[in-house]
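# Structural overview
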Amino acid sequence: MPDPLPPGSTTYFAPAKVNLGLSVRAPRADGYHDLHTLMVPLATGDDLSVAPASTLTLEVRGADLPTDSRNLVYRAARAYLDAAGTDQGAQLILHKRLPVASGLGGGSSDAATTLMALARMYPAGLDLHALARPLGADVPFFLLGRAAVAEGTGEILTPLPVPRTPLVLVNPGVEVSARDAYHWLDAEETFTVPLDIDTVLATLADGRPVPYLNALQGPVAARHAAIQEALGALADAGLRSPLMSGSGSTCFALAGSEDHAHDCAQAIAARFPQWWVQATSTL
């Protein structure tokens, strides 16, 4: 049986995301890159249990992660409580179900969920987006709760409808830091043009191959053969338009139906039992 939760706990879902294409331009004068990406939340993710308390504590279940200010959940909670001017705390339990450093935005989603959960527990009328931005480029996206085109360094978000799409996620067990991925891209200077969002959306809906790209995929796959193996496994299973998500190492491909996604996920998991494989869909 799972470990019990503290009295008064409320559990919130923290969705993963995939990038349905990621274009990266050359570095700007400030060292950052201009991005153009379609980010979509998924029906799989982590859970966060929150209970009122006199002090702030964090427990992580399902992964060996720090529980102090090195953890984005703790930092998000501390930022909210300090900004709210409350002397109250919170007992947080992160149920980690997503792979770590996997390109699925798990840490950013957990942080955004923490901000929203504490805003419900201790309402203070704060601007959560202002609190989210210093925590990470993807954290404001998860406050939206819907698909969006992200531009600039990821801070310019334009929500738009994306057809519900079944897909399969595959993580071959490689951790890739975003810092490394962008460093490798800069070294190779394989920068890309903006995405054709209209065509991406049209092909998502009608079943044709999706003309998206991920500027980071080439540099990362060149250094981690498991990425190319994961992309090949998705294609071999009969799934459409395989792509690496974000800075990796999770890859995904599109399915014709939820049953198709589950069948393909089972086949890949049987072939590669050491991989993390998940059938899911966009939200």
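It should be noted that the structure appears before, not after, this text.
Residues numbered from 1 in each chain as written. Predicted model: local features only at pLDDT ≥ 70, side-chain atom pairs only at ≥ 80, totals over all residues. Heavy atoms only, no water.

## Focus on the overall build of the protein
Put simply, the rule reads: To qualify as a helix, a DSSP run of H or I must reach at least 4 residues; to qualify as a strand, a run of E must reach at least 2; elements of each kind are numbered from the N terminus. C-alpha atoms define the radius of gyration in this analysis, and the globule rule sets the expected value at 2.2 Å times the number of residues to the power 0.38. Residue burial is assigned from relative accessible area. The probe radius is 1.4 Å, only protein chains are included, and a residue is buried under 20% of its type maximum, exposed over 50%, and partly exposed in between. Contacts are assigned to residue pairs that have any heavy atoms within 4.5 Å of one another. Under the convention used here, a 1.4 Å probe and the Shrake-Rupley method define accessible areas, while residue burial counts only the protein chains that appear. Residues scored as charged are limited to Lys and Arg (positive) and Asp and Glu (negative), so that His and the chain ends carry no count. Charge coordinates come from a single atom per side chain, which is NZ of Lys, CZ of Arg, CG of Asp or CD of Glu.
Of the regular secondary structure elements, the protein holds nine helices and 10 strands. Expected size for 283 residues packed as a compact globule is a radius of gyration near 19 Å; at 19 Å, the protein falls within 12% of this value. Considering only C-alpha atoms, the protein reaches an extent of 55 × 50 × 35 Å along its principal axes. Here the protein holds 283 residues, and the buried ones make up 52% of them. Partitioning the contacts of the protein with sequence separation of at least 6, the portion at a separation of at least 24 is 75%. When the accessible surface of the protein is totalled, it reaches about 12,400 Å², and 51% of it is carbon and sulfur. For the protein, the distance from the average position of its 18 positive side-chain charges to the average position of its 28 negative side-chain charges is 2 Å.

## Quick word on unusual backbone geometry
The linkage connecting Gly248 with the following residue, Ser249, adopts the cis geometry, with an omega of 15°. Here the phi dihedral of Ser241 falls at roughly 55°; this positive angle occurs in a residue that is not glycine. Turning to its location among the elements, Ser241 is positioned in strand β8 (residues 240–244).

## Thoughts on helix α2 (residues 106–121)
The cut-off we apply is this: Helices are assigned an expected span. That span is 1.5 Å times one less than the residue count.
Here α2 contains 16 residues, and its C-alpha end-to-end distance of 22 Å stays within 8% of the 22 Å for a straight helix at 1.5 Å per residue. Within the sequence span of α2, burial applies to Gly106, Ser108, Ser109, Asp110, Ala111, Ala112, Thr113, Thr114, Leu115, Ala117 and Leu118. Check the buried side of α2 and you find it contacts β1 (10–27), β2 (33–53), α1 (72–84), β4 (89–95), α3 (128–132) and α4 (139–144).

## Overview of the side chain of Thr114
Within the element layout of this structure, Thr114 appears in helix α2. Apart from the residues within four sequence positions on either side, Thr114 is in contact with Leu48, Val73, Ala76, Ala77 and Leu92.

## Here we look at the environment of Arg25
If you trace the backbone, Arg25 turns up in strand β1. On a C-alpha basis, the gap between Arg25 and Val60 in space is 36 Å, while along the polypeptide they are 35 residues apart. Ignoring sequence-local partners within four residues, the contact set of Arg25 consists of His33, Asp34, Phe191, Thr192, Val193 and Pro194.

## Notes on the packing of aromatic side chains
Selection criterion: Any pair of Phe, Tyr and Trp rings, taking the six-membered ring for Trp, is counted once the centres come within 6.5 Å. Such a pair is stacked with planes under 30 degrees apart, edge-to-face with planes over 60 apart, and tilted for the rest.
Counted by the stated rule, this structure contains three aromatic pairs. For the ring pair Phe141 and Phe142, a centre distance of 5.0 Å and an interplane angle of 70° mean the geometry is edge-to-face. Across the pair, Phe142 and Phe141 agree in class, each one buried. Both rings, one in Tyr212 and one in Phe252, keep their centres 6.0 Å apart while their planes meet at 75°; by these two values the pair is edge-to-face. Of the two residues, Tyr212 is situated in the loop between α6 (197–206) and α7 (217–223) and Phe252 in strand β9 (residues 251–254); the sequence distance between them amounts to 40 residues. For the residue pair Tyr212 and Phe252, the accessibility class agrees, reading buried in each case.

## Concerning the packing of α1 against α2
Counted only if it meets this: To define axes, lines are fitted to C-alpha atoms, for helices over the stretch in contact only, and angles between the resulting N-to-C directions are given on a 0 to 180 degree scale. For this classification, under 35 degrees means roughly parallel, over 145 means roughly antiparallel, 65 to 115 means roughly perpendicular, and everything else is oblique. It is the rotation of the near helix from the far one that decides the hand of a crossing: anticlockwise by less than a right angle makes it left-handed, clockwise makes it right-handed. Classification convention: Asp, Glu, Lys, Arg as charged; Ala, Val, Leu, Ile, Met, Phe, Trp, Tyr, Cys, Pro as nonpolar; all other residues, Gly among them, as polar.
Relative to each other, α1 and α2 sit at 30°, their axes nearing to 8 Å. The angle between α1 and α2 falls in the class roughly parallel. For the pair α1 and α2, the sense of crossing is right-handed. Every residue of α2 that contacts α1 at Leu72, Val73, Ala76, Ala77, Tyr80 and Leu81 is listed here: Gly107, Ser108, Asp110, Ala111, Thr114, Leu115, Leu118 and Ala119. Tallied by class, the residues present in the contact of α1 with α2 amount to 10 nonpolar, three polar and one charged.

## Notes on the nonpolar core
To keep things clear, this is the line we draw: Side-chain atoms within 4.5 Å are what join buried Ala, Val, Leu, Ile, Met, Phe, Trp, Tyr and Cys residues into a set we call a nonpolar core.
Within the largest apolar cluster, 34 residues are counted, with the highest numbers of intra-cluster contacts made by Val168, Val170, Leu234, Leu239, Ile268 and Trp275. Looking at this core, the elements with two or more residues in it are β1, β7 (166–171), α5 (178–188), α7, α8 (225–236), β9, α9 (258–271) and β10 (276–281). Those residues in contact with Leu234, other than ones at most four positions away along the chain, are Val168, Val170, Leu239, Pro242, Cys251, Phe252, Ala253 and Ile268. One finds Leu48, Val50, Ala76 and Ala150 within the second-largest nonpolar core, a separate group that totals 32 residues.

## Considering the sheet that holds β10
Selection rule: Any two strands with at least two DSSP bridges between them are considered paired.
An order of β8-β9-β7-β10 is seen for the four strands of this open sheet, with the pairing classed as antiparallel. The two strands at the open ends of the sheet, each matched to only one other strand, are β8 and β10. The sheet shows a mean angle of 20° between the axes of neighbouring strands, taken without regard to direction. Sitting on the sheet, α9 is in contact with β7 and β10, with an inclination near 20° to β7.

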